Amino acid sequence: MPSRKKKPAQLELAPPAAPAMPHPQLPLGGARGVQLSLEGADFAAVEAAVAELKARFGTRFAVLSRRTGRNRSILRISATLLVRVDDALDAGAGLPKQ
């Protein structure tokens, strides 16, 4: 009768010793980066959303990482979008006042 393998010990995460330093910011000539996170169980739909954003924004949109969930049932894509301050102000002008 074959013997069963033991499960590995549970990993324990310790808090960082010191707060993480923010990443240095590049001078982008008035452009600001916005971080996006796209997530879904339908891998094709998530990839299609990324393709749409890339087609819409071109070089201003970049994928930073692609990861799957624990059971490989969810796809998470982290991306960034460069936005000019003028565009952000124009977008904010259309918001209703509260």
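Computed from a predicted structure; not experimentally measured. (Residues numbered from 1 in each chain as written. Predicted model: local features only at pLDDT ≥ 70, side-chain atom pairs only at ≥ 80, totals over all residues. Heavy atoms only, no water.)

Right, let's get into the overall build of the protein. Helix and strand counts for the protein stand at 2 helices and 3 strands. Traced from its N-terminal end to its C-terminal end, the protein shows the element sequence β-α-β-β-α. Looking at the protein as a whole, 13% of its 98 residues are labelled buried. Counting contacts in the protein only where the partners sit at least 6 residues apart, residues at least 24 apart contribute 56% of the total. Looking at the protein as shown, the accessible area adds up to about 9200 Å², and 58% of this sits on carbon and sulfur atoms. (Helix = DSSP H or I, 4+ residues; strand = E, 2+ residues; numbered from the N terminus. Buried < 20%, exposed > 50% of the residue type's maximum accessible area, 1.4 Å probe, protein only. Contact = heavy atoms within 4.5 Å. Areas by Shrake-Rupley, 256 points an atom, 1.4 Å probe, with all protein chains shown as cover.)

What follows covers helix 1 (residues 43-57). Given a rise of 1.5 Å per residue, 15 residues ought to cover 21 Å, and the 21 Å separating the end C-alpha atoms of helix 1 matches this to within 8%. The positive-phi residue at the C-terminal boundary of helix 1 is glycine 58, with phi of around 60°. (Expected span 1.5 Å × (residues − 1).)

Let's shift gears to the side chain of serine 78. Within the element layout of this structure, serine 78 appears in strand 3 (residues 75-84). With near-sequence residues (within four places) excluded, serine 78 lies in contact with Leu36, Val63, Leu64 and Ser65.

A word on unusual backbone geometry. In most cases, non-glycine residues show a negative phi, while peptide bonds are predominantly trans. In this structure, arginine 72 is a non-glycine residue whose phi angle is positive, near 55°. Mapped onto the elements, arginine 72 comes out in the loop between strand 2 (61-68) and strand 3.

Take the pairing of strand 2 next. Across 7 bridges, the pairing between strand 2 and strand 3 is antiparallel. In the strand pairing of strand 3, alanine 62 is matched with threonine 80. Linking two consecutive strands that pair antiparallel, namely strand 2 and strand 3, is a turn of 6 residues; a positive phi of about 55° is found at arginine 72 within it. (Pairing = 2+ DSSP bridges.)

With that settled, the discussion passes to the confidence of the model for the protein. Averaged over the protein, the pLDDT score is 77; the fraction of residues at 70 or greater is 62%. The least confident element of the protein, judged by mean pLDDT, is helix 2 (residues 85-93) at 57; the most confident is helix 1 at 94. (pLDDT = per-residue confidence, 0-100.)

Where charged atoms from two side chains of opposite charge approach closely, those side chains can pair. What the rule picks out here adds up to 2 salt bridges. Put simply, glutamate 39 and arginine 76 hold a salt bridge, and the shortest N to O gap is 3.0 Å. With glutamate 39 in strand 1 (residues 31-40) and arginine 76 in strand 3, this residue pair connects regions lying 37 residues apart in the sequence. When its relative accessible area of 35% is taken as the criterion, arginine 76 is described as partly exposed. Two residues, glutamate 47 and arginine 66, come together in a salt bridge whose shortest N-O distance is 2.9 Å. (Salt bridge = Lys/Arg side-chain N within 4 Å of Asp/Glu carboxyl O.)

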